[in-house]
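# Report on the structure
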Amino acid sequence: GGGGGLKNKLAEKIKEELDYFLGIKCLHGNTQIGTIKVNNVLGGMRGLSLLVCLTSSLHPEEGIFYRGKTIKEVCKKLPRVLKGTKEGTPEGAFYFLTLGSMPSKNDAKAITKEWLGRGNVPRYCLRMIDAMDKRVHPMAQLVAASSCLNTNSKFVAAYRKGAKRADYWKHVYEDSMNLCAMLPTVASVIYCNVFKDGAGTRELNKKTDWSGNFCRMLGLPDKAFMDLMRMYMVIHADHESGNVSAHASHLVGSALSDPYLCYAASMCGLAGPLHGLANQEVLIWLTKMRKAIGDDPKDEEIVKFINDTLKGGQVVPGYGHAVLRKTDPRFIVQNEFAMRNCKDDPGVKLVTRLWKIVPEVLGKLGKVANPFPNVDAHSGVLLQHYCLTQMNYYTVLFGVSRAIGVMAQLIWSRALAYPIERPKSISASELCGFIRKAESKKKKKC
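In what follows, the accompanying structure is described. (Residues numbered from 1 in each chain as written. Predicted model: local features only at pLDDT ≥ 70, side-chain atom pairs only at ≥ 80, totals over all residues. Heavy atoms only, no water.)

## A closer look at the sheet that holds strand β1 (residues 56-59)
Filter applied, for reference: Here, any two strands with at least 2 DSSP bridges between them count as paired. Secondary structure elements are taken from DSSP: a helix is a run of H or I of four residues or more, a strand is a run of E of two residues or more, and numbering for both begins at the N terminus.
A sheet is described by the order of its strands in space; here three strands give the open sequence β1-β2-β3, paired in antiparallel fashion. If you trace the sheet from one side to the other, it starts and ends with β1 and β3 (69-70), each paired once. For strand β2 (residues 63-66) and β3, the ladder comprises two bridges, and the chain directions are antiparallel. Paired with tyrosine 66 across the two strands is lysine 69, which belongs to β3.

So this is what it looks like as structure tokens:
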């Protein structure tokens, strides 16, 4: 039962997928699926289809899909496990992302039970966190804690004993389950040490779920906040495998590093201001706006503030996306939650108004590909409403949720025996050589 049931089902699913991908490689291995341009090489490889991700895919119009379902469908269909809860569980999302089929209530409940049984953090890890200076950023603490947990890695132990390559995924699965189970305790201890002088419980309550325990240990046991965390963790869990955090995990995993180190690498990427700090930047901008023009400004005042931001050489944080060309469905899911639970909150009201006004202003510029809000435009005001006000901690929340996706991806990377990643780099002179060769071909055609 529990995670064992998922593991047994996964074993059968892996057999099917192995045959499928082996067939593709044998029959179509030399088929060309794209071209490489200089802009791709110099632009962070953006736009190149270079990775296969089973767990999720990103559509420019409809947003992120988990296993072929929109994020709104996923949030609607994930089973509500505990009586009185209004949101599906991240445990159910892990089941769905890993196996590819929507869990029943019993399936999701079994993962909750499994993670409760695996969730006790080793004392040496807690001692290390307790020894850290409060000035150490919470994300740096999360990276250190997840790295040190690899002392108990099942994959490392099995690899040293000569485990078969076909069985690597089984040990990666065990580590992934253990890591996910321990993260709420690890993350909440970091929070309590940095912001509450160490006050707070570290004991898991067997009667609640993963998100419920996380909120309890943060010292924020409000039931609506627990539902917010369930929803937040689900919608932030996965986002293809090309983003920095997911790709960092995949890259490090391709060298057969264990899941704890892969997750640590993922969090190093997430900590960067261009990836995981966006919701903080949104809140800082909103705070400046509210200070300048109040909580209930006129539309013209908002437009002027937006234009002043742009004239100052800055972007409007929380708007635009590398792939999406419409409002991020994850923003919509959060706004619907807000309308049900806290629609009169001044921050929520302002964010909702900006959803209409900002795209109109940006659209008039004529050079913004996507003037619509992304997921980060909304999450901060919801966290603030429920009294989680320490912005330095927000990326840790993102990191806890992202473990669900990157671990599901890592299990499949080892199941399908993906090789070590080794793209070819070229020198500047070689790049110029390619350009000269291409230009020469053009002249000959003329």
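## Brief notes about the packing of aromatic side chains
The following threshold applies: Under the pairing criterion, centres of Phe, Tyr and Trp rings, with the six-membered ring standing for Trp, must be within 6.5 Å; the plane angle then separates stacked pairs below 30 degrees from edge-to-face pairs above 60, leaving the rest tilted. Accessible area is worked out with a 1.4 Å probe on protein chains only. A residue is then buried under 20% of its type maximum, exposed over 50%, and partly exposed in between.
If you walk through the whole model with that rule in mind, you get 12 aromatic pairs. Aromatic pair tyrosine 20 and phenylalanine 21: ring centres 5.3 Å apart, planes at 85°, arrangement edge-to-face. When the ring of phenylalanine 195 is compared with that of tyrosine 393, the centres are 6.3 Å apart and the planes differ by 90°; the resulting orientation is edge-to-face. Taken together, the positions of phenylalanine 195 in helix α9 (residues 168-195) and tyrosine 393 in the loop between α18 (376-385) and α19 (394-415) put the pair 198 residues apart, joining distant regions of the chain. Classification of tyrosine 393 by relative accessible area gives buried; the value is 0%. Three or more aromatic residues link up through ring pairs in this structure, and these residues are Phe94, Trp115 and Trp210.

## With respect to unusual backbone geometry
Phi is positive for methionine 45, close to 60°, though the residue is something other than glycine. Summarising the element assignment, methionine 45 is placed in the loop between α2 (38-42) and β1. For methionine 45, a relative accessible area of 42% corresponds to the partly exposed category. One non-glycine residue, arginine 67, lies in positive phi territory at about 50°. By secondary structure assignment, the location of arginine 67 is in the loop between β2 and β3.

## Overview of the state of the cysteines
Cut-off, in case you're wondering: Cysteine sulfur atoms are paired as a disulfide whenever they fall within 2.5 Å.
Taken as a whole, this structure holds zero disulfides when the rule is applied. Residue cysteine 148 stays outside any disulfide, its sulfur separated by 3.7 Å from that of cysteine 125, the closest cysteine. Of the residues examined, cysteine 148 reaches a relative accessible area of 14% and is grouped as buried. There is no disulfide at cysteine 192, and the cysteine sulfur nearest it, in cysteine 215, is 12 Å away. When its relative accessible area of 4% is taken as the criterion, cysteine 192 is described as buried.

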